[in-house]
Amino acid sequence: CIGANTAIFSVVNSVILRPLAVPEPDRIVAMWNTYPKATAGGSDSMIDNSAPDFFDRRALVDVFEEVAAYGQYGKGGYNIGTAAEPRRVVGLPVTPSFFPLLKVRPAIGRPFTDAEGEPGNNQVVVLSHGLWQELFAGDPGVLGRTLQLDGRPHTIVGVMPEGFMFVDPEVRLWTPLAFTPEQRQQYHNNEWAMIARLRRGASVAQAQSQIDALNARNMDRLPELKPLLINMGFHTPVVPLQEELVGEIRGILFLLWGGVTFVLLIGAVNVANLVLVRATARAPELATRVALGAPRGRLVGQMLIESLLLAVLGGALGLVLGWAGLHGLAVLGVETLPRAAEIRLDVTALVFTVGLALAVGLLVGLLPAVRVLRLRATSVLREEGRSGTASRGVRLVRQGLVVTQMAMALVLLVGGGVLLASFRQLLAIDPGFQPTGVLTAAVSLAGSAYPDDAARRAFADRVLARVRTLPGVETAGITNQIPFGGVAGDLAGTSGLHGTYNNSTIFAEGYVPQPGESLITASRHHVTPGYFGAMGIRVIKGRDFDSRDVAGGRQVIIIDERLAERFFPKGDAVGRRMWQGDPENPRFFDIVGVVRPIHMRGVLVPQDQNGAYYLPFMQRYAPGDFVITVRTAGDPQALAGPIQKVIAEIDAGLPVYDIRTMEERIARSLTDRRMPMLLTAAFALLALLLAAVGIYGVLASLVQRRTREIGIRMALGSDRPAIFRLVLREGVVMLGLGLIFGLSGAAALQRAIENHLYGVSPLDPRVLVLVVVLMSGAALAACLVPARRATRVDPASALAEP
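Residues numbered from 1 in each chain as written. Predicted model: local features only at pLDDT ≥ 70, side-chain atom pairs only at ≥ 80, totals over all residues. Heavy atoms only, no water.

Enquirer: It is not clear to me how the packing of aromatic side chains should be interpreted in this structure. Could you clarify?
Expert: Pairs of aromatic rings are described using the distance from one ring centre to the other and the angle between the two planes. Enumeration according to the criterion identifies 25 aromatic pairs in this entry. Ring geometry for Phe-55 and Phe-179: centres 5.6 Å apart, planes at 70 degrees, overall edge-to-face. Here Phe-179 lies in the loop between strand 9 (171-176) and strand 10 (192-198) and Phe-55 lies in helix 2 (residues 51-60), a separation of 124 residues in the sequence. Under the relative-accessibility criterion, Phe-55 is labelled partly exposed at 28%. Looking at Phe-179, the relative accessible area reads 2%, which means it is buried. Their ring planes at 90 degrees and their centres at 5.7 Å tell us that Phe-617 and Phe-626 sit as a pair that is edge-to-face. When its relative accessible area of 0% is taken as the criterion, Phe-617 is described as buried. One aromatic cluster is present, built from ring pairs that chain together Tyr-70, Phe-98, Phe-99, Phe-112, Phe-164, Phe-166 and Trp-174. We note Arg-577 situated over the ring of Phe-588; from NZ or CZ to the ring centre the distance is 4.0 Å. (Phe/Tyr/Trp six-rings, centres within 6.5 Å; stacked < 30°, edge-to-face > 60°. Helix = DSSP H or I, 4+ residues; strand = E, 2+ residues; numbered from the N terminus. Buried < 20%, exposed > 50% of the residue type's maximum accessible area, 1.4 Å probe, protein only. Lys NZ or Arg CZ within 6 Å of the ring centre and 35° of its normal.)

Enquirer: Even after reading the chapter, I still don't get the packing of helix 13 (residues 453-467) against helix 16 (residues 640-650), so can you show me in this structure?
Expert: Helices that pack against each other are described as a pair by the angle of their axes relative to one another and the distance between those axes. Axis separation between helix 13 and helix 16 bottoms out at 10 Å; the angle between their running directions is 135 degrees. The orientation of helix 13 with respect to helix 16, classified from their angle, is oblique. Crossing angle aside, the handedness with which helix 13 passes helix 16 is right-handed. Residues Phe-459, Arg-462, Val-463, Arg-466 and Val-467 of helix 13 form the contact with helix 16, whose participating residues are Val-646, Ile-647, Glu-649 and Ile-650. Looking at the contact of helix 13 with helix 16 residue by residue, the classes come out as six nonpolar, no polar and three charged. (Axes fitted to C-alpha atoms, helices over the stretch in contact; angles between N-to-C directions. Parallel < 35°, antiparallel > 145°, perpendicular 65-115°, else oblique. Left-handed = near helix turned anticlockwise from the far one by under 90°. Contact = heavy atoms within 4.5 Å. Nonpolar A, V, L, I, M, F, W, Y, C, P; charged D, E, K, R; others polar.)

Enquirer: Any chance you could explain the pairing of strand 22 (residues 585-595) here in plain terms?
Expert: Regular strands place side chains that alternate from one sheet face to the opposite one. Pairing analysis gives three bridges linking strand 19 (residues 539-542) to strand 22, with the strands arranged antiparallel. Each bridged residue has a counterpart across the sheet, and for Lys-541 the counterpart in strand 22 is Val-594. Pairing analysis gives six bridges linking strand 21 (residues 577-582) to strand 22, with the strands arranged antiparallel. In the strand pairing of strand 22, Trp-579 is matched with Phe-588. Taking the residues between adjacent antiparallel strands as the criterion, strand 21 and strand 22 are bridged by two residues. (Pairing = 2+ DSSP bridges.)

Right, dumping it as structure tokens:
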């Protein structure tokens, strides 16, 4: 039990309690623009920031000591290495103010200068310590050397200290973020994450007030956008960075910590019961020592020291088990948690474990110590000599401990049961596509070899032509953003869960937004013919893209049912037109098909409800970063090697990365639900086992100590069924009280757990019935052995015992 607490505390401490590993992290805040009435995600939907926001907030918000922006869409990647060994690394474009804001300097070299934040001057790079070791074997003369990033030379100007990490451990290098003159003028063209460091003495509330005032002034400067922004509820939350990083996972981790604490308490109660049994058996000895003049304080000290020694030994073993359990959590996907790379068994966790062991030792030793203080020697000797049974007070205490165990175990079982039921509901959600048999692989064409749309389209066409001829391939397509993955260029090399998505507004021809109506941003996709077939997305009306939809052809579009229902409620979308851009000079697209809606960000993400539209990859704009999707009747992983070989034959310098099946992507997207469910279920089953052991121990001890009484009852005519019922009744009473208190505790739990459930209530009747049956079965099974043992007592032998 201590080991489980050590492992979970290490996760909670590393993810939530431990400050970020930069100087004065409590002064760093995050900001993002949000439009709650335009996105189904509500006020917390993060839409990043625009370049003008960075310059305005840096110059005009005086509570900020420094402001930094980073990462187009949060994070991207770079192709590095030679044609013989291409590789993809995650990099972070940052403004030159980034490292000064964090108050961290490179271990070798220097950070970026302000001049390197200007277009044309930003061909420099700072390496992580790990990448420096991998590429240059830790050569201190690396400064000034050239590293090819996406085919462009970058001069190495610095190497960060070992262990430096900002938010994401996958980032291996940093480049200067240089805004173009056009970007500096584009308000609400939100592509950049943003952080700021508060001045000493400034508060988050002050920063929020100044940001609100700045936004109001900027809206006045943009009168044509002001009504629209007001209708969309535009504002910019300012929150402590650490809170923003762990806000979504904080509740479930504290819930897990509470659950594992329950397990510890149940285990402690079991040990306390055993120690109390031992103290009861020693009652005549202790009473004799008191009668002979032994100081009670010395006896109390003996009881506590024995318990503390037991707890210290348990704590030492628990520390080892906690270390092993922490590594075992990786199997459950703990690496997908925020700050997962920082999870470790540190000094704080060690102190926690030692303190926990000592606390358990004192708790376990408290009951026998109190018994010694209240010991009346003559009464103990008289009771033991007369009946051979423990005092009624001791029996009530032990029975009360078992009732407490069972109540806590039932609360955990209910929690684990509803989480399991909720997870089953999640698995039953239809994502809108058929994930079985689908493999995805990302490619980035950034660089001088593919400078325009024509070159990128030609490459994609060659890839698809070759991939479709591979053995086992049923169909294949390309998209710029993959469900449960993100924009192709932002897919991480190892996680694939950090990408963001493209959204923009679009309207039906003739549609005029009503006064006060919020514009809804839909998900924008660029796909090739074959993509819908590869993903198993059903075309409901009209047609898929085909060879007609190329550059110079009729501008076409496919929309999903959600957009069709919004703009064409009569069901006549095919043949109509959509438009984007300037209302005075709109860009029109002919609707050629309607497809089934799909979940993009996750099965529970509400933004998916805004709808989606698809543009032909081979027509107007061909993204340089894309994902190949392949459907096969066999094992999709078997196609990973052949696809990589196809890409290498076409361009040996392009790495293929983020190779995953769609089933794997869905599974990873549910990690934050699966891990708590599995852990809570494991804790609940452990608690049930401990509670069953507890009730068994109490009844077994009762039978042992009441052997003489049972013998007398049987000698006076009680039959074996009556003796069986006598013992069983004791267990049933404890079970009944445990169920009553446990169900009351489960009712109190519902508020803490309801936000983590989907499709079930915290007190789901089916779960409650199943838990009560399971608990009753385990408790009654634990009662049977002592009850049967009681019926086998030989009256003659029992009465002959002294």
